[in-house]
Amino acid sequence: MIDWHCHILPGLDDGPRNIEQSLVMAGLLADYGFTEIHCTPHLIRDCFEASNSEVRQVIRELQQRICDNNIPLTLLSGREYYLDEYLPAYLEDPLPLGDSRQILVEIPPRTADETVRLLLQNVVRSGFTPVIAHPERCRLLEPGAERTATRGFFNTIKNALTGGHDDRQEQELTDSTGNPLLDYLRKLGCSFQGNLGSFGGFYGNQVKTNAEILRSKGVYDRYGSDLHAAEHADRILQPFKDS
Ligand SMILES: [Fe+2]
């Protein structure tokens with residue numbers, strides 16, 4: 001299974017503070033069936049500003065320790081970019097997801113609709129595909145609620161994590177999500193990554209409802225744990241193991 005969003009690297013953001021904590025997370029993710037983890041530390045000006053070379057170096061060090069501990073897990077590169085005025089400059093030296101041209105982007109709270117459009121147009125014009133992190137947690141992208149959410153889908157999401165199955169094929173692809181900005185971003189060519197914890201209520205009922213509706217409308221093309229600490233792993237991942 002592939003995790004497209006994970007804060008497993010030590011000492012770079014609000015994830016684990018040291019490599020021992022990262023190793024515990026790695027062991028848990030492997031136990032839950034993950035084989036590939038995209039390491040996506042935050043990049044936020046004046047907050048989390050590790051350079052790309054630091055990120056690559058920490059990936060190498062953690063991968064070595066993971067191998068030394070016989071944990072069957074491959075780390076891939078990435079960042080979680082913040083959608084603000086500094087993004088265009090950061091993308092002059094990008095760190096995409098794995099070997100792709102895909103850039104994981106989170107939309108900060110209270111961002112204006114027009115700012116989102118302009119900055120993401122800029123990302124696309126630069127030759128990258130924006131992958132919108134956890135749209136279900138973004139107020140600007142809340143879907144229209146006119147469609148009833150489906151139930152009993154943990155297993156199909158789990159299948160989608162293997163990469164051999166496109167979860168969207170299970171859905172009724174609709175032209176409209178009921179949210180004009182979200183519709184615009186789909187037409188622009190953005191991808192959308194759902195947080196696994198959203199479906200089990202880790203972020204509360206509103207986010208859970210949003211996630212169910214977005215999934216029912218075929219918005220997501222990938223999922224991630226967005227794991228920041230080992231103690232959250234069971235609450236986020238257990239619903240998928242039990243399904
Ligand atoms: Fe994240």
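Everything quoted here is computed from the prediction, not taken from an experiment.

Participant: Looking at this structure, I do not really get helix 8 (residues 205-216). What am I missing?
Facilitator: Counting along an α-helix, one turn takes 3.6 residues, and residues three or four places apart therefore face a common direction. End to end, helix 8 covers 16 Å across 12 residues, agreeing with the expected 16 Å (1.5 Å per residue, within 8%). Residues of helix 8 that are buried include every one of Val207, Asn210, Ala211, Glu212, Ile213, Leu214 and Arg215, and no others. Residues of helix 8 that are buried sit in contact with strand 8 (191-195) and helix 7 (196-199). Downstream of helix 8 by a residue or two, Gly218 has a phi angle that is positive, lying close to 70°.

Participant: Is there a simple way to explain the sheet that holds strand 2 (residues 36-39) in this structure?
Facilitator: Hydrogen bonding along the main chain pairs the strands of a sheet, whether they run parallel or antiparallel. Pairing within the open sheet is parallel, and its 3 strands lie in the order 1-2-4. At either end of the open sheet lies a strand with only one pairing partner, and these are strand 1 (2-6) and strand 4 (74-76). Within the sheet, the average angular offset between the axes of one strand and its neighbour, ignoring direction, is 25°. One ladder, built from 3 bridges, connects strand 1 with strand 2; its direction is parallel. Bridge pairing links Cys6 to Cys39 in strand 2.

Participant: Help me understand the packing of helix 1 (residues 19-31) against helix 2 (residues 52-68) in this model?
Facilitator: How two helices sit against one another is set out by the angle between their axes and by the gap between those axes. Helix 2 packs onto helix 1 with a crossing angle of 60° between their chain directions and a minimal axis gap of 10 Å. Here helix 1 is positioned oblique relative to helix 2, judged by the angle of their axes. In the packing of helix 1 onto helix 2, the handedness of the crossing is right-handed. Residue-level contacts link Ile19, Ser22, Leu23 and Ala26 of helix 1 to Glu61, Leu62, Arg65 and Ile66 of helix 2. Here the residues of the contact of helix 1 with helix 2 sort into 5 nonpolar, 1 polar and 2 charged.

Participant: So what exactly am I meant to see when it comes to the nonpolar core here?
Facilitator: One recurring pattern in soluble globular proteins: nonpolar side chains tend to sit buried together. Ranked by internal contacts, the top residues of the largest apolar core, which has 59 residues, are Ile8, Leu29, Ile37, Val105 and Ile132. The leading source of residues in this core is helix 1, at 5 residues. Non-local contacts of Val105, meaning those with residues more than four positions away in its chain, are made with Tyr81, Leu83, Pro130, Val131, Ile132 and Ala133.

Participant: Sorry, what's going on with helix 6 (residues 180-188) here?
Facilitator: Residues Leu182, Leu185 and Arg186 constitute the buried set of helix 6. Angular distribution of buried residues about the axis of helix 6 spans 105°; they occupy a single face of the element. Turned more than 90 degrees from where helix 6 packs its buried face, Pro180 and Lys187 sit exposed. Residues of helix 6 that are buried make contact with helix 4 (113-125) and strand 7 (129-133).

The rules behind these values
- Residues numbered from 1 in each chain as written.
- Predicted model: local features only at pLDDT ≥ 70, side-chain atom pairs only at ≥ 80, totals over all residues.
- Helix = DSSP H or I, 4+ residues; strand = E, 2+ residues; numbered from the N terminus.
- Expected span 1.5 Å × (residues − 1).
- Buried ≥ 20, exposed ≤ 12 C-beta atoms within 10 Å, placed from the backbone.
- Contact = placed C-beta atoms within 7 Å.
- Pairing = 2+ DSSP bridges.
- Axes fitted to C-alpha atoms, helices over the stretch in contact; angles between N-to-C directions.
- Parallel < 35°, antiparallel > 145°, perpendicular 65-115°, else oblique.
- Left-handed = near helix turned anticlockwise from the far one by under 90°.
- Nonpolar A, V, L, I, M, F, W, Y, C, P; charged D, E, K, R; others polar.
- Core = buried A, V, L, I, M, F, W, Y, C linked by C-beta atoms within 7 Å.
- Arc of directions from axis to C-beta.

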